[in-house]
Amino acid sequence: MAFLRSMHRSIQVFNSATMLTRVKSSLGVAVSQVGSRLESTTPTAFQVKEQVAKTSPVSSYNEWDRLEEVVVGRVENAVVPPFSPELKVSANEKHWDFFRDNQGRPWPKEHTEKAIAEVEEVCNILTQEGIVVRRPDAIDFTEEYKTPDFSSTGMYCAMPRDILLIVGEEIIECPMAWRSRFFEYRAYRELIKEYFKAGAKWTTPPKPLMSDKLYNEDVMDLSDEERSLQHHQGRHFTTEFEPCFDAADFVRAGKDIFVQRSQVTNIFGIDWMDRHLGDEYNIHLLTFDDPRPMHIDATLMLIRPGLVLVNPCRGCQQIDFFKKAGWDIVETASPLMPADHPLWLGSQWLSMNVLMLDHDRVMVDANELPTIQMFEKLGIKTVKASMRYANSYGGGFHCWTSDIRRSGTLQSYF
Ligand code: ARG
């Protein structure tokens, strides 16, 4: 162990590229030496050395470089989360009865089967485009768990974008704020271990306790206007008791990363990320007119260098930052989601929740004609698939995926 620690020190001391490679290889030997005393299944020194020397299978710095590998979520085994304060602040009131009556049970069977079929089709299309598609494990979410601070049942692993934040070669398992999502990481562990062994960096920030102190429960009883007002005054559903954040509140543009303070991402969490990422990255806090801010990707989407897509109903107070940098700001087209379609979580603005396959190709909902036309006009080719049923669980293409690897390197676009 002492040897390991001294190797870590040398990594900090010598940071020229050649020295780093050499240190990494010897670190591989050190890891196996420590490990082989503990477990007989530990790889040999040679194997570990080989693994560590490989370039990372995880590498993604922005939302637009050519997509090479992606995780696509699953709604198999998904369970309706408890009818809790965090759910009430997020879900539209017209669905409260649904949640009250179905909490802890599987989501409606037929609807789920249709969503599964849609997502399978998305996976097929991505595969045909030459992109490697990986899936989380459909673990059991019905089991009730209890910590010293709370008890809950689970929800799903449908939205990898919410939990996995990829910054370069690093996978960050985000400390999400919903109690029903406390153990969601378990569905991704096999994948993450594999990526780590092949050279990725793996981080789990401090896990929130999620005691009552993390939540301002009275916020759920406020009208949308009062809630927006309080939000702008710095009072939110989550307190600053401990850090919490969902990956989907961040969008990445190389060295610049944008984040919103939302119902699930607090300033403590944003500070944690800022300090964790260090001087190489600039984190920018954005605020929007949104009474239920949760996940930035149906509010503001980075499409490619110089092009930001915004939700016309959710003004961004810092949009000048993009204007000054010469970026085009495009208001997204009106969504066509029928009003009677059950959208248990999320909003009709999931129409703008698209996945860039590269600078010139976007995956967009086949039903959203105005959005398709908008992209074609911008010179971006559309790859179409239907996500109507999948949308009902709170996400579109961007939420349902997490890009593991895109071509390209760390750049500055501002
Ligand atoms: N708040 C968003 C909406 O208006 C939901 C975005 C969901 N995003 C996600 N990554 N789960 O619909």
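The residue numbering used here restarts from 1 in each chain and proceeds along that chain's sequence as written. Restriction of local features to residues with pLDDT of at least 70 applies here, the model being predicted, together with a cutoff of 80 or more for giving and counting side-chain atom pairs; totals for whole chains, interfaces and linings are based on all residues. To obtain the side-chain values, all non-hydrogen atoms of the structure were used and water was disregarded.

## A short note on the nonpolar core
- The criterion is simple. A nonpolar core is a set of buried Ala, Val, Leu, Ile, Met, Phe, Trp, Tyr and Cys residues joined through side-chain atoms within 4.5 Å. The rule is simple: take the accessible area with a 1.4 Å probe, protein chains only, and divide by the maximum for that residue type; under 20% is buried, over 50% is exposed, in between is partly exposed. With 57 residues, the main nonpolar core has Phe99, Trp107, Leu126, Tyr156, Leu345 and Met363 as its most contacted residues.
- To qualify as a helix, a DSSP run of H or I must reach at least 4 residues; to qualify as a strand, a run of E must reach at least 2; elements of each kind are numbered from the N terminus. Contributing elements (two or more residues each) for this core: strand S1 (67-72), helix H4 (85-90), helix H5 (96-102), helix H6 (109-128), strand S14 (355-358) and strand S16 (381-385).
- The element that contributes the greatest number of residues to this core is H6, accounting for 6 residues.
- By the convention used here, residues are in contact when the closest approach between their heavy atoms is within 4.5 Å. With sequence-adjacent residues up to four places away left out, methionine 363 is seen in contact with Val122, Ile125, Leu126, Val354, Leu355, Val383, Ala385 and Phe397.
- In this structure, Leu164, Ile192, Phe250 and Met273 belong to the second largest nonpolar core, which totals 35 residues.

## What to know about the sheet that holds strand S8 (residues 250-253)
- In short, DSSP must find at least two bridges between two strands for them to pair. The strand order across the open sheet built from 3 strands is S8-S9-S10, with neighbouring strands paired in mixed fashion. Edge positions in the sheet fall to S8 and strand S10 (282-286), since each has one partner strand and no second. Taken over all neighbouring pairs, the strand axes of this sheet differ in orientation by 25 degrees on average, direction set aside.
- Its contacts with the sheet put helix H10 (residues 267-277) on S8, strand S9 (256-260) and S10, and the angle it makes with S10 is roughly 160 degrees. Axis angles are defined between N-to-C directions and span 0 to 180 degrees, where every axis is a line fitted to C-alpha atoms and, for a helix, only to the segment in contact.

## Comments concerning the site of the ligand
- In the vicinity of the ligand, the contacting residues are Asp162, Ala248, Met294, His295, Asp297, Ala298, Arg314, Gly346, Ser347, Leu350, Gly394 and Cys399.
- A distance of 2.8 Å is found between a nitrogen atom of the ligand and a side-chain nitrogen or oxygen belonging to aspartate 162.
- Note that accessible areas follow from Shrake-Rupley with a 1.4 Å probe, and for residues the cover is restricted to the protein chains shown. When the free accessible area of the ligand is taken as 350 Å², the share hidden by the protein chains comes to 94%.
- Throughout this entry, Asp, Glu, Lys and Arg are counted as charged residues, while Ala, Val, Leu, Ile, Met, Phe, Trp, Tyr, Cys and Pro are counted as nonpolar. The remaining residues, Gly among them, count as polar. Across the shell around the ligand, the residue classes break down as 5 nonpolar, 4 polar and 3 charged. In these notes, residues near a molecule or strand are those with any non-hydrogen atom within 4 Å of it. Polar contact is the term for a pair of N or O atoms within 3.5 Å; when the atoms are in protein, one must be able to donate a hydrogen and the other to accept it, and sequence-neighboring residues count only if both atoms are side-chain atoms.

## A few points about the sheet that holds strand S11 (residues 300-304)
- Strand order in the open sheet formed by 3 strands is S11-S12-S13, with mixed pairing between adjacent strands. Bordering the open sheet on either side are S11 and strand S13 (328-331), each of which pairs with just one other strand. Each adjacent strand pair in this sheet contributes to an overall mean axis angle of 30 degrees, direction not counted.
- When strand S12 (residues 307-310) meets S13, the two strands line up parallel, connected through 4 bridges. In the sheet register, valine 308 faces S13, and the bridge partner there is isoleucine 329.

## Thoughts on the confidence of the model for the protein chain
- With 87% of its residues at a pLDDT of 70 or more, the protein chain shows a mean pLDDT of 89.
- The low-confidence segment residues 1-40, where pLDDT is below 50, has 28 contacts with residues more than four positions distant or belonging to other chains. Scored from 0 to 100, pLDDT records how confident the predictor is in each individual residue.

## Notes on a negative patch on the surface
- There is a patch of like negative charges on the surface, built from Asp271, Asp274, Asp279 and Glu280.
- Within the secondary structure, aspartate 271 is located in helix H10. What goes into a patch is any residue over 30% in relative accessible area without a salt bridge, connected to like charges within 9 Å or, for nonpolar side chains (Val, Leu, Ile, Met, Phe, Trp, Tyr), within 5 Å. Throughout this description, the term salt bridge denotes a Lys or Arg side-chain nitrogen within 4 Å of a carboxyl oxygen of Asp or Glu. Charge assignment: positive for Lys and Arg, negative for Asp and Glu; neither His nor the chain ends contribute. By convention, the point assigned to a charge is CZ for Arg, NZ for Lys, CD for Glu and CG for Asp.

## Quick notes on the UniProt feature "active site" (unreviewed entry) in the protein chain
- UniProt positions are given in the numbering used here, feature names are shortened, and annotations may be inferred rather than shown by experiment. As annotated in UniProt, the feature "active site" (unreviewed entry) corresponds to Asp246, His295 and Cys399 in the numbering used here. These annotated residues cover 154 residues of sequence, and their C-alpha atoms lie no more than 11.3 Å from one another, placing them together at a single site. Checking the named residues against the second largest pocket, the ones that line it are His295 and Cys399.
- Here aspartate 246 is to be found in the loop between helix H9 (224-232) and S8.
- When sequence neighbours within four positions are dropped, the list of residues in contact with aspartate 246 reads Asp162, Cys174, Met176, Ala177, Arg181, Val264, Thr265 and His295.
- Looking at the secondary structure, you find histidine 295 in the loop between S10 and S11.
- Filtering out sequence-adjacent residues up to four positions away, histidine 295 remains in contact with Asp162, Arg181, Asp246, Ala248, Asp249, Gln260 and Val264.
- A polar contact of 2.8 Å, which involves the side chain of histidine 295, links it to the side chain of aspartate 246. Each cavity reported here is a set of points on a 1 Å grid over the protein atoms alone in which a 1.4 Å probe fits but cannot get out, each pocket an open set with protein on both sides within 12 Å along at least five of seven lines, and each lining residue one with an atom within 4 Å of a point.

## So, the pairing of S1
- In terms of residue burial, S1 counts as a mostly covered element, since 5 of its 6 residues are buried.
- Pairing between S1 and strand S17 (residues 401-406): 5 bridges, direction antiparallel. The residue bridging valine 72 from the neighbouring strand is threonine 401, located in S17.
- With 3 bridges connecting them, S1 and strand S2 (residues 132-134) associate as parallel partners. By the bridge assignment, glutamate 69 is partnered in S2 with valine 132.

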